[in-house]
Amino acid sequence: MTTTDEFMRAAIAQAQKSRAEGGIPIGSALVLDGRLVGVGHNKRVQEADPVTHAEIDCLRNAGRLGSFRRTVLYSTLMPCFLCAGAVVQFGIKKVIVGESRTFAGASEFMRSHGVEVIDLNLIECVVMMQKFISENPALWNEDIGR
């Protein structure tokens, strides 16, 4: 897998879409058996909904799959505890993230529940989040519950 395979590119495109809509630039993609089955982006600002994080939006858009055990979740940023809880609850076994430098998230929580977590440490994702955080510190702190 290259660091920017088609699925991470889909997640990054979702993050860029969220930012263009005035939202928080975090995107996600869900893959089942090598096929993209859902994408989503953070819509907390756009929909005034505190739980519409990118991963939650992605899972909603993927719909009912019967089982999520053969899926891989991609996210541009390390999932928070809310989203990590959904990963564990639905039995997703692998999560690939763009970066965790700007937000450490809940990687250890997922790992402690048997989830393989791969952090690609993509500069593109780091720069996107650092720029957003520096321009919107209050909105970022609201998003992460500070």
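Keep in mind it's a predicted model, so treat the numbers as computed, not measured. (Residues numbered from 1 in each chain as written. Predicted model: local features only at pLDDT ≥ 70, side-chain atom pairs only at ≥ 80, totals over all residues. Heavy atoms only, no water.)

Asks: Just checking my understanding: could you explain the packing of aromatic side chains for this structure?
Replies: Note on aromatic pairs: each is described by the distance of the centres and the angle between the planes. Inspection of every chain in the model, using the stated rule, returns four aromatic pairs. Judged by centre distance (5.7 Å) and plane angle (55°), the rings of F7 and Y74 are tilted. Taken as a pair, F7 in helix α1 (residues 6-20) and Y74 in strand β3 (residues 71-75) lie far apart in primary sequence, 67 residues in all. For Y74, a relative accessible area of 5% puts it in the buried group. Centroid distance F103 to W140: 5.8 Å. Interplanar angle 90°. Geometry classified as edge-to-face. Of this pair, F103 sits in the loop between β4 (94-97) and α5 (107-112) while W140 sits in helix α7 (residues 137-143); the two residues are 37 residues apart in sequence, bridging distant segments of the chain. Both residues of the pair, F103 and W140, belong to the buried class. (Phe/Tyr/Trp six-rings, centres within 6.5 Å; stacked < 30°, edge-to-face > 60°. Helix = DSSP H or I, 4+ residues; strand = E, 2+ residues; numbered from the N terminus. Buried < 20%, exposed > 50% of the residue type's maximum accessible area, 1.4 Å probe, protein only.)

Asks: So what exactly am I meant to see when it comes to unusual backbone geometry here?
Replies: Peptide bonds are trans in most cases, and residues, glycine excluded, mostly fall at negative phi. You will see that D33, though not glycine, has its phi angle at about 50°, which is positive. Relative to the elements of secondary structure, D33 occurs in the loop between β1 (27-32) and β2 (35-41). Judged by its relative accessible area of 53%, D33 is exposed. One non-glycine residue, A48, adopts positive backbone phi at about 50°. With respect to the element layout, A48 can be found in the loop between α2 (44-47) and α3 (54-62).

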